[in-house]
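Residue-level listing of the chains:
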Amino acid sequence: QVQVVESGGGLVQTGGSLRLSCAASGRTFSSYAMGWFRQAPGKEREFVATIRWSGGSTSYADSVKGRFTISRDNAKNTVYLQMNSLKPEDTAVYLCAADRPPYGTGWFPRDYDYWGQGTQVTVSS
């Protein structure tokens, strides 16, 4: 069983930055594809970004492209989401997820096997 724990959320003003962290347990972390999703009240879970096991391949939602950066440190079993130029519409609970082989596309919640509880990000206008 893999445990995934997010941290780093908080309250920030429009235009500000936050870095989210996601720590995953397990010696096979380096083989997992990792993803970030977000969910605002009354809305469906939305894809944000994904990164392959090697860190060499990333993909982003159009709404965050150019503002957010996903990265990973396999030695620390941690994946990060650097969020810059934040907007009020980025306000949501941000969830980290792990996808074990065989991998899905990484764009859909159904692709992932393990989920964290989420961390709240609030962007004030």
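Residues numbered from 1 in each chain as written. Predicted model: local features only at pLDDT ≥ 70, side-chain atom pairs only at ≥ 80, totals over all residues. Heavy atoms only, no water.

Engineer: For this particular structure, what's the right way to read the environment of Gly 35?
Structural biologist: Looking at the secondary structure, you find Gly 35 in strand β4 (residues 33-39). Along the primary structure Gly 35 and Asn 77 are separated by 42 residues, whereas in three dimensions their C-alpha atoms are 14 Å apart. With residues near it in sequence (within four places) discarded, Gly 35 still touches Ala 49, Thr 50, Leu 95, Cys 96, Ala 97 and Tyr 112. (Helix = DSSP H or I, 4+ residues; strand = E, 2+ residues; numbered from the N terminus. Contact = heavy atoms within 4.5 Å.)

Engineer: Where do I start with the state of the cysteines in this structure?
Structural biologist: One pass over the full model with this rule turns up 1 disulfide. Disulfide partner of Cys 22: Cys 96, at an S-S distance of 2.0 Å. Its S-S torsion of approximately -80° makes the covalent link between Cys 22 and Cys 96 left-handed. With a gap of 74 residues between them, Cys 22 in strand β3 (residues 18-24) and Cys 96 in strand β9 (residues 92-99) connect regions that are remote in the sequence. Of the two residues examined, Cys 22 and Cys 96, each falls in the buried class. (Disulfide = S-S within 2.5 Å. Buried < 20%, exposed > 50% of the residue type's maximum accessible area, 1.4 Å probe, protein only.)

Engineer: In this structure, what is going on with the packing of aromatic side chains? I would like to understand it.
Structural biologist: Any pair of aromatic rings gets described here by the distance separating the centres and the angle formed by the planes. Counting across every chain of the model gives 5 aromatic pairs. Seen from their ring centres, Phe 37 and Tyr 112 are 5.3 Å apart, and the 80° between their planes marks the pair as edge-to-face. Taken together, the residues span a long stretch of sequence, with Phe 37 in strand β4 and Tyr 112 in the loop between β9 and β10 (114-115) at a distance of 75 residues. In this structure Phe 37 comes out as buried when scored by relative accessible area, which is 0%. Relative accessible area serves as the criterion here: at 6%, Tyr 112 is assigned to the buried category. Taken together, Phe 37, Phe 47, Tyr 112 and Trp 115 form an aromatic cluster joined through their ring pairs. The positively charged end of Arg 45 is found above the aromatic ring belonging to Trp 115, 4.7 Å away from the centroid. (Phe/Tyr/Trp six-rings, centres within 6.5 Å; stacked < 30°, edge-to-face > 60°. Lys NZ or Arg CZ within 6 Å of the ring centre and 35° of its normal.)

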